[in-house]
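# Working through the structure, step by step
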Amino acid sequence: AQSVSQHNHHVILSEAASLELGCNYSYGGTVNLFWYVQYPGQHLQLLLKYFSGDPLVKGIKGFEAEFIKSKFSFNLRKPSVQWSDTAEYFCAVNDLRGGADGLTFGKGTHLIIQP
Amino acid sequence: SQTIHQWPATLVQPVGSPLSLECTVEGTSNPNLYWYRQAAGRGLQLLFYSVGIGQISSEVPQNLSASRPQDRQFILSSKKLLLSDSGFYLCAWSVSSGRAWNTQYFGPGTRLTVL
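Residues numbered from 1 in each chain as written. Chains lettered and ligands numbered in written order. Predicted model: local features only at pLDDT ≥ 70, side-chain atom pairs only at ≥ 80, totals over all residues. Heavy atoms only, no water.

## Section: the overall build of chain A
To keep it simple, the criterion reads: Secondary structure elements are taken from DSSP: a helix is a run of H or I of four residues or more, a strand is a run of E of two residues or more, and numbering for both begins at the N terminus. Two things to know: the radius of gyration comes from C-alpha atoms, and the globule rule equals 2.2 Å times the number of residues to the power 0.38. Partly exposed describes any residue whose relative accessible area lies between the buried limit of under 20% and the exposed limit of over 50%, with all areas from a 1.4 Å probe on protein chains only and scaled to the type maximum. Residue contacts are counted whenever heavy atoms from the two residues lie within 4.5 Å of one another. Surface exposure here means Shrake-Rupley accessible area, sampled with a 1.4 Å probe, where a residue is shielded only by the protein chains that are shown. Positive charge is attributed to Lys and Arg, negative charge to Asp and Glu, and no charge count is given to His or to the chain ends. In this description, the location of a charge corresponds to atom NZ of lysine, CZ of arginine, CG of aspartate or CD of glutamate.
In terms of helices and strands, chain A carries zero helices and twelve strands. Reading chain A from its N end, one meets helices and strands in the order β-β-β-β-β-β-β-β-β-β-β-β. Relative to a compact globule of 115 residues, whose C-alpha radius of gyration would be 13 Å, chain A shows 14 Å and is just as compact. C-alpha extents for chain A along the principal axes are approximately 45 × 30 × 20 Å. With 115 residues in all, chain A has 48% of them scored as buried. Summarising the internal contacts of chain A: among those between residues at least 6 apart in sequence, 56% fall at separations of at least 24. When the accessible surface of chain A is summed, it comes to about 5300 Å², and 52% of that surface belongs to carbon and sulfur atoms. Charged side chains in chain A number 9 positive and 9 negative. The centres of these two groups are separated by 3 Å.

Here you go:
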């Protein structure tokens, strides 16, 4: 079965600091990769996704992620965080082995940005 | 545009009572539909998914069941709730074909507490 690991469960940063959240998955075949974000009191929403092509993908609000197949990784980055980035971040993977089956999620990273 | 609704938003139920959570999607036809659960300290776990009316696939054996009586309606049920059923239940949808089929869009969720 697919598994997804997010190494940092809680991250606290100051505004303007750089951010990198780690995500590793276990399946070695073709995968689709996602980062979702849940701001306080809001729905879980898509931040960015990778299906194929350029392994560096850009999402909303200045976030980007890099797919490194050899490392089974899809780390999320942002050069300069803002207080409004405080949220829960989830990495998710679909390994395309099934039909319309669901995503496998990591346990999430709770990011707190201090002003 | 597409919207997804879930109700109720919060629910407190005694052990052994029945459960019915409802999810409806607007603005799309023949979506794939999903139920996830997020227990405290854990990531999102896929419970059920459906590719069409009356078609339900279960990912995790449990005392929950799902039904899809209409194209854009997905219901999560239980005949007798357990304490371990407490958690945050999320419904999601995706398009049913094409490259974007496994990009999932989430509803606001239902917070279930079983006492």
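## Observations concerning the packing of aromatic side chains
Which entries qualify depends on this criterion: Centres within 6.5 Å are what make two rings of Phe, Tyr or Trp a pair, Trp counting through its six-membered ring; a difference in plane orientation under 30 degrees is then read as stacked, over 60 as edge-to-face, and the rest as tilted.
Following the criterion strictly, the structure yields 16 aromatic pairs over all chains and no others. Feature note: the residues Phe34, Tyr36, Phe51, Phe90 and Phe105 of chain A together with Tyr34, Tyr36, Tyr49 and Phe106 of chain B constitute an aromatic cluster, connected by ring pairs.

## Some words on the environment of Arg77 of chain A
Residues and elements named next belong to chain A. Note the threshold: The term polar contact refers here to a pair of N or O atoms within 3.5 Å; inside protein, the definition further demands a hydrogen-donor-capable atom paired with an acceptor-capable atom, and it admits residues adjacent in sequence only when both atoms are side-chain atoms.
Mapped onto the fold, Arg77 is located in strand β9 (residues 73–78). The sequence separation of Arg77 and Ser26 amounts to 51 residues, and the corresponding C-alpha distance is 21 Å. Beyond its immediate stretch of four places on either side in the chain, Arg77 contacts Leu19, Glu20, Leu56, Gly62, Phe63, Glu64 and Glu66. Polar side-chain contacts of Arg77 include one of 3.2 Å to the side chain of Glu66.

## Some remarks on the sheet that holds strand β7 (residues 64–70) of chain B
Residues and elements named next belong to chain B. The test is simple: In this analysis, strands are considered paired if DSSP registers two or more bridges between them. Simply put, an axis is a line fit to the C-alpha atoms, just over the touching stretch for a helix, and the angle between two N-to-C directions goes from 0 to 180 degrees.
One open sheet accounts for four strands, arranged β1-β3-β8-β7; its pairing is antiparallel. The open sheet has two edge strands with one neighbour each: β1 (3–7) and β7. Between one strand axis and the next, the sheet turns by 20° as a mean value, whatever way the strands run.

## Focus on the confidence of the model for chain B
Here is the rule: The predictor attaches a confidence to each residue, called pLDDT, with possible values from 0 through 100.
Summarising the model, chain B shows a mean pLDDT of 90, and 94% of its residues fall at 70 or more. Within chain B, strand β8 (residues 73–78) of chain B carries the highest mean pLDDT (97), whereas strand β6 (residues 55–58) of chain B carries the lowest (88).

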